[in-house]
Amino acid sequence: MVLVWRDGKPEPQEIHQSEIVTGDIIKLDDGMDVPADIICIESNELQCDESAMTGEPDHIKKRLYNECLEKRDQIMNEGSKNNAGRHDVPSPILLSGTQVAGGFGKGIVLVVGPDSCVGRIKDLVTQDDAQATPLQQKLETIARDIGKFGLISATITFVVLIIRFIVDRATTDSWDDGGKWLELIDYFIIAVTVVVVAIPEGLPLAVTLSLAFSVKKMLKDKNLVRKLNATETMGGANNICSDKTGTLTKNEMDLTGFWNCEYQEINVHNKNYDLAQMFGTDRVAIMEQALGVNGNAEILDKKEEKKEEEKKKKGCLCFGGGEDEFAELKKTKDKTENGSKTEIALLKFLFKADLDYRQLRKKYAPQNEKELITVPFSSKRKRMSTVCCNVNDLGNTTGKRMHLKGASEIITASCDKFYSFEKSEVVPIDEDMKKSINDAIENMARKALRTIGIAYKDVTGDEDFSTKDSNDVC
């Protein structure tokens, strides 16, 4: 049900979405599905989730038409100084099938029914364009050629028999023999028989059987095919374009290597890692914070998942149990993974190093929950950040540290110093160092590896974490 104003009446009326007509003024509220194509006439921080239509995860701001033009002109006038993103210019149009993600406002219905965006999509989905497959086209061509050949052969046969009949009658002078004229009917039947025999009646059955054997063979390779013609389509494909994640792969990731002055490969089949040996004893705390604390992904035992959800509903920080629960979590195969697959890979790495990310988050978390500052990853920022506590060997807090994790090139561009494991010191990033870092990123990208950068900075607590620039970066 939606609220609309129509017929010039000051009071809105509640009607079903199917009764909306063009020209209705409709009220837009947070969380509602947009029932038709609408132009915005009133907006109060109105924004829509258009992922169902476009696949874009970012929410799109909706403003009045004049405001959209002003924003567009403003960005165009900035010229080379413009660093606006693709969604910084708001849109006045709300597409049917999308959802209001925030704010409220009003709009005028422009298009309803099959002519709206969602209506046209439904029409495309319901259209049954049964196109013939390449094999069917070839079979039709063969059948047509065989039919033509059979018809020509039957015609020639019938003509030859007629000529023979005339010659026989002329040589024997038996034109008045009525019984001989019945032979013409036999000649016609012979011609028809040639046509009928020429048609390959068993060809469709033979093709069906061959496709059925192909389906059975593919089933042995654990490929279930529901339609017979799909086997022919797959056999005739030269190139297959596919989104590999979750389709050609298991949608699982592992930490396979890291770069610091030189690339070091990590054996993913090894089940016991030593962080002190990999990164150095004095850098273990930094890596624990960067990999385990700076993130919001979780790996939970399905039995404990409901308990964790109840804690979160109560507003508690969930840090998990003790060593026994961690050992049980490592052994169980019935796990639930929540969050980015990239972060899950880092948590799996910590598991192999016998480190429980939940205990790390508890260890480095500030005593006051309000001081726990976490800015999640977004496609606009291309990074996430967390402010945690430094802890000495006695378990006392010695200060705070902010960790960054995100796109390698973005993290590199935001840093002016580099922690060299080789020299065990922080060195400035000069042109040579920047080139080495960029070359390392490119080399890993050529191997189809997803690269992420990590960085940190010790903070005093006086920093401004509330003011943000155009990219939502503090």
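Novice: Is there a simple way to explain the overall build of the chain in this structure?
Specialist: Within the chain, the regular secondary structure consists of 16 helices and 17 strands. Across the 474 residues in the chain, those meeting the buried criterion constitute 30%. Contacts in the chain between residues far apart in sequence, at least 24 positions, make up 63% of those at least 6 positions apart. Only carbon and sulfur atoms are counted for the fraction: they give 53% of the accessible area of the chain, which is about 30,800 Å².

Novice: Quick question: what am I supposed to make of the environment of A154 here?
Specialist: Take A154: it is sitting in helix α4 (residues 134-172). Between the C-alpha atoms of A154 and I190, which are 36 residues apart in sequence, the distance is 7.8 Å. In contact with A154, other than residues within four places in its own chain, are A191, V194 and V195.

Novice: Looking at this model, I keep getting lost on the state of the cysteines. Mind explaining?
Specialist: Each disulfide consists of a covalent bond between the sulfur atoms of two cysteine residues. The tally for this structure, following the rule as stated, stands at zero disulfides. Its sulfur unpaired, C68 is 7.8 Å from the next cysteine sulfur, which belongs to C40.

Novice: Just to check I follow, could you spell out the sheet that holds strand β14 (residues 397-407) for this structure?
Specialist: Strands pair in a sheet through their backbones, by hydrogen bonds, and they do so in one of two ways: parallel or antiparallel. Taken in spatial order, the four strands of this open sheet run β12-β13-β14-β17, and their pairing is antiparallel. Every interior strand has two partners, whereas the edge strands, β12 (373-375) and β17 (452-459), have only one. For this sheet, the mean inter-axis angle between neighbouring strands, taken without regard to orientation, is 20 degrees. In this fold helix α10 (residues 284-293) packs onto β13 (383-391), β14 and β17, with an angle of close to 55 degrees to the strand it touches most, β14.

Novice: Just to check I follow, could you spell out the nonpolar core for this structure?
Specialist: As a rule of thumb, soluble globular proteins bury nonpolar side chains together. The biggest cluster of nonpolar side chains holds 27 residues, and the ones touching the most others in it are L275, F279, F349, L350 and Y357. Broken down by secondary-structure element, the contributors of at least two residues to this core are α9 (275-279), α10, β10 (298-301), α13 (341-352) and α14 (357-364). Per-element accounting of this core gives the leading share, six residues, to α13. Residues within four places of F279 in sequence aside, it is in contact with F258, M287, F349 and F421.

Novice: What's the story with empty space enclosed by the protein in this structure? I'm lost.
Specialist: Over the atoms, a rolled probe matching the size of one water molecule traces out where space is still vacant. With the rule as written, the count across this model stands at one cavity of 30 Å³ or more. In this structure, the largest cavity spans a volume of roughly 50 Å³. Every residue along the wall of the largest cavity is listed here: D254, L255, V268, Y273, A345, K348, F349 and K352.

Novice: Sorry if this is basic, but what is going on with the pattern of salt bridges here?
Specialist: Overall, the coordinates contain 10 salt bridges when judged by the stated rule. Of the charged contacts, one joins E288 and K363 as a salt bridge, the two residues approaching to 3.9 Å between their closest N and O atoms. Taken together, the residues E288 in helix α10 and K363 in helix α14 connect sequence positions 75 residues apart. Overall, the relative accessible area of 41% leaves K363 in the partly exposed class. Among the ionic pairs, R446 bridges to E442, the shortest N-O distance being 3.7 Å. Placement of both R446 and E442 in helix α16 (residues 431-446) is noted, with a separation of four residues, approximately one turn of the helix. The exposed category is assigned to R446, whose relative accessible area is 64%.

Novice: What is the right way to read unusual backbone geometry from this model?
Specialist: Excluding glycine, a negative phi dihedral is what most residues carry, and trans is how most peptide bonds are arranged. Notably, D354 is not glycine yet its phi reads approximately 60 degrees, a positive angle. Looking at where D354 falls in the secondary structure, it is placed in the loop between α13 and α14. Although it is not a glycine, S424 adopts a positive phi angle of roughly 55 degrees. With respect to the secondary-structure elements, S424 resides in the loop between β15 (417-420) and β16 (425-428). Here S424 falls in the partly exposed class, since its relative accessible area comes to 43%.

Novice: Looking at this structure, I do not really get a nonpolar patch on the surface. What am I missing?
Specialist: On the surface, L182, I185, F188, I189, V192 and V196 cluster together into a nonpolar patch covering about 560 Å² of accessible area. Tracing the backbone through its elements, the reader meets V192 in helix α6 (residues 183-198). For V192, a relative accessible area of 38% translates into the label partly exposed.

Novice: Honestly, the pairing of β13 in this entry has me stumped. Any pointers?
Specialist: A regular strand places its side chains on the two faces of the sheet in alternate fashion. In terms of residue burial, β13 counts as a mostly covered element, since eight of its nine residues are buried. Examined bridge by bridge, β12 and β13 share three bridges and lie antiparallel to one another. By the bridge assignment, V375 is partnered in β13 with S385. With nine bridges connecting them, β13 and β14 associate as antiparallel partners. Bridging from a neighbouring strand, S385 pairs with L404 of β14.

About the thresholds
Residues numbered from 1 in each chain as written. Predicted model: local features only at pLDDT ≥ 70, side-chain atom pairs only at ≥ 80, totals over all residues. Heavy atoms only, no water. Helix = DSSP H or I, 4+ residues; strand = E, 2+ residues; numbered from the N terminus. Buried < 20%, exposed > 50% of the residue type's maximum accessible area, 1.4 Å probe, protein only. Contact = heavy atoms within 4.5 Å. Areas by Shrake-Rupley, 256 points an atom, 1.4 Å probe, with all protein chains shown as cover. Disulfide = S-S within 2.5 Å. Pairing = 2+ DSSP bridges. Axes fitted to C-alpha atoms, helices over the stretch in contact; angles between N-to-C directions. Core = buried A, V, L, I, M, F, W, Y, C linked by side-chain atoms within 4.5 Å. 1 Å grid on protein atoms, 1.4 Å probe; cavity = no way out; pocket = protein on both sides within 12 Å on 5 of 7 lines; lining within 4 Å. Points joined across faces, edges and corners; volume = space filled by probe spheres on them. Salt bridge = Lys/Arg side-chain N within 4 Å of Asp/Glu carboxyl O. Patch = residues over 30% accessible without salt bridge, like charges linked within 9 Å, V, L, I, M, F, W, Y side chains within 5 Å.

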